[in-house]
Amino acid sequence: MHLTPWRHRQALVLALIGLGFAARGGAQPLVVTTIAAGTSAEFSFELSGIAVDSAGDIFVADTANQVIKEIPVGGVVQLFAGTLDKYGSADGVTGVGKFNNPVGLAIDSAGNLYVADEINSTIRKITPAGIMSTIAGVTGATGNVDGPAATATFGEAKGLAIDAAGNVYIADSGNHSVRKISPAGVVSTVVKITNGYGWLNGICVDPSGNLYVSDGLPDTSIGPVTGGQVIYKISPSGVLTIFAGQLGVAGASDGAATAAQFNGPWGVAADGAGNIYVADANNSTIRLITPSGTVATVAGSASSLANLVDGAGGAAIFNHPSGIAVDKFGLVLIVDSFNNAVRRGIRSTNTQSPVRFLNLSSMGNVGSPLPLSSGFIVGGTASQTVLIRAVGPTLKQFGVAQPLAGPQLDLYGPGGVHLATTANGVNAVNIQSAASMIGAFPIFPSLGDAGMVVSLGPGAYTAQITGPSGNAGAALLEVYEIP
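Keep in mind the model is a prediction, meaning the values are calculated, not measured. (Residues numbered from 1 in each chain as written. Predicted model: local features only at pLDDT ≥ 70, side-chain atom pairs only at ≥ 80, totals over all residues. Heavy atoms only, no water.)

1. Considerations on the side chain of Gln464
Okay, step 1: Among the secondary structure elements, Gln464 is positioned in strand β35 (residues 459-466).
Okay, step 2: Residue class for Gln464 comes out buried when judged on its relative accessible area of 3%.
Okay, step 3: In this structure the side chain of Gln464 is engaged in a polar contact, spanning 3.3 Å, whose partner is the side chain of Ser373. (Helix = DSSP H or I, 4+ residues; strand = E, 2+ residues; numbered from the N terminus. Buried < 20%, exposed > 50% of the residue type's maximum accessible area, 1.4 Å probe, protein only. Polar contact = N/O pair within 3.5 Å; in protein donor to acceptor, adjacent residues only side chain to side chain.)

Quick look at the structure:
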């Protein structure tokens with residue numbers, strides 16, 4: 001059993017008032033942490049698109065592995081669609097269905113995931129149950145044919161976006177155009193971009209229905225060109241303008257949108273306030289464009305390129321970020337492609353409330369059937385990222401005689417819904433990185449300690465430690481705010 005948090009005497013409030021950059025009058029730095037990385041997540045060397053559903057579950061295009069991975073709340077990476085390391089075009093359930101270079105991702109209001117299957121030249125759909133189907137394009141046939149989805153053809157589909165009406169938009173890089181699949185299954189061309197030729201990479205739609213498309217590096221394979229390095233805006237009526245960047249000019253300058261510079265912009269994502277985030281791949285930075293047209297670097301530094309480093313603003317280091325998405329609470333999810341990692345950016349406005357929560361700690365004896373539980377409440381209107389730890393074996397170094405061996409950590413949400421567990425393993429890179437950021441003492445998952453980093457929306461929660469297999473002993477339960 002677990003203790004319902006609203007009855008727990010140790011409940012506390014995380015007061016979070018961050019409402020978005022536009023409402024606060026400026027671009028605030030992102031505080032970046034790592035969700036999953038490298039071999040611990042079984043990622044390949046090539047990650048691309050990312051999407052997040054209404055529940056906070058994250059989906060990543062693990063392109064070189066030919067699969068879509070899911071990172072559910074709690075951070076345990078699992079296979080969602082495709083057949084690991086197998087090329088193909090078959091539809092069907094996970095392990096039967098196959099991709100050939102899945103890249104762009106988008107998710108609709110019903111939780112269906114759409115995938116730009118680049119080399120197959122098709123658009124695939126995966127239901128929440130994991131059943132894959134081909135909804136547009138002719139497998140292996142490249143072209144520029146509009147019409148019924150089953151006979152339409154694409155050039156090199158990369159980015160995907162879905163609007164409130166259920167229209168699917170495609171950044172068709174090979175045709176240097178934006179295409180649309182209507183809910184009725186008809187493919188049409190929204191706009192063809194003719195002022196220079198670069199690689200169309202990402203696409204997103206803002207709350208007003210405007211489309212934004214990143215035009216990355218110039219395509220020099222077709223000869224001298226002047227395109228690329230810009231973000232295009234397409235109004236609901238189909239008017240195309242350069243929203244940010246200078247056509248064909250690479251750089252890293254912030255400022256007025258059309259005077260700013262990008263270097264290989266890739267993924268783009270819109271938040272609820274109409275801000276546009278850009279994964280500026282070759283600068284290894286995350287840029288933000290306000291609705292009024294100002295560009296600012298909110299994470300990473302164009303002068304730094306190294307291994308994965310978490311931190312705030314320019315202290316965070318990326319290595320060619322590609323995909324980017326924003327969840328319903330405004331958290332920014334980033335594919336750090338060359339680091340084989342998925343990162344999370346939380347707006348620093350979330351840490352500027354007059355009321356701050358730093359740490360909750362509770363220690364006690366765990367034994368069958370007695371768990372150690374602690375409740376807490378996330379208040380306000382924004383989500384909060386927290387580190388939750390179940391410390392057992394590491395307590396021995398503090399003189400605890402009988403620490404709990406192999407503690408299991410479980411998280412319950414509003415209404416007692418089970419959200420996450422460490423029974424299926426933990427991401428050691430993730431929890432160690434978060435602990436280092438906040439100055440917590442190190443724990444040792446290899447010895448049996450457990451932890452999770454999770455972003456939680458407003459509501460009441462319970463964290464609980466149990467002793468699997470009837471284990472008994474002392475344990476320490478901790479909840480830290482990650483600023």
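Once you've had a look at it, read on.
2. Regarding the pairing of strand β32 (residues 408-412)
Okay, step 1: Burial within β32 is extensive, with four of its five residues counted as buried.
Okay, step 2: Of the pairings in the sheet, the one linking β32 to strand β33 (residues 418-421) comprises three bridges and is antiparallel in character. Opposite Tyr412, over in β33, you have His418 as the bridge partner. (Pairing = 2+ DSSP bridges.)

3. What about the environment of Asp53?
Okay, step 1: Following the sequence through the fold, Asp53 ends up in the loop between β3 (47-52) and β4 (58-62).
Okay, step 2: A C-alpha to C-alpha distance of 7.3 Å links Asp53 and Asp327, two positions 274 residues apart in sequence.
Okay, step 3: When neighbours within four sequence positions are excluded, Asp53 is seen to be in contact with Phe59 and Ile107. (Contact = heavy atoms within 4.5 Å.)

4. With respect to the sheet that holds strand β25 (residues 311-312)
Okay, step 1: The antiparallel open sheet is built from five strands, whose spatial order is β25-β2-β28-β27-β26. Two strands close off the open sheet at either side, each with one partner strand: β25 and β26 (321-326).
Okay, step 2: In this structure, β26 lies alongside strand β27 (residues 332-336), joined through four bridges in antiparallel fashion. For Pro321, the partnering residue across the bridge sits in β27 and is Asp336.

5. Things to note about the pattern of salt bridges
Charged atoms that come close allow side chains of opposite charge to pair.
Okay, step 1: Counting across every chain of the model gives twelve salt bridges.
Okay, step 2: A salt bridge links Asp117 to Arg124; the nearest nitrogen and oxygen atoms lie 2.7 Å apart.
Okay, step 3: By relative accessible area, Asp117 is classed as buried at 0%.
Okay, step 4: Among the residues examined, Arg124 registers a relative accessible area of 0% and is labelled buried.
Okay, step 5: When the shortest N-O distance is used, the salt bridge between Lys158 and Glu118 registers 2.8 Å. Residue Lys158 is located in strand β12 (residues 157-162), and its partner Glu118 is located in the loop between β8 (113-117) and β9 (122-126); the two are separated by 40 residues in the primary sequence.
Okay, step 6: Owing to a relative accessible area of 9%, Glu118 belongs among the buried residues under this scheme.
Okay, step 7: One salt-bridge network, held together by shared partners, links Asp91, Asp117 and Arg124. (Salt bridge = Lys/Arg side-chain N within 4 Å of Asp/Glu carboxyl O.)

6. What about the layout of surface pockets?
Okay, step 1: Roughly 380 Å³ of internal volume is contained in the second largest pocket.
Okay, step 2: Taken together, 28 residues form the lining of the second largest pocket, with Ala55, Gly56, Val73, Ser455 and Leu456 sitting closest to its centre.
Okay, step 3: The greatest single-element share of the lining of the second largest pocket, amounting to four residues, is contributed by strand β34 (residues 450-456).
Okay, step 4: Its residues placed into classes, the lining of the second largest pocket shows 17 nonpolar, seven polar and four charged. (1 Å grid on protein atoms, 1.4 Å probe; cavity = no way out; pocket = protein on both sides within 12 Å on 5 of 7 lines; lining within 4 Å. Points joined across faces, edges and corners; volume = space filled by probe spheres on them. Nonpolar A, V, L, I, M, F, W, Y, C, P; charged D, E, K, R; others polar.)

7. Let's talk about the pairing of strand β24 (residues 294-300)
Okay, step 1: Within β24, five of the seven residues are buried, which leaves it mostly tucked inside the rest of the structure.
Okay, step 2: Bridge count between strand β23 (residues 285-289) and β24: five bridges; the pairing is antiparallel. Its bridge partner lying in β24, Arg287 is registered against Thr297.
Okay, step 3: Hairpin connection, β23 to β24: the antiparallel pair is bridged by four residues, and Gly293 has positive phi, about 95 degrees.

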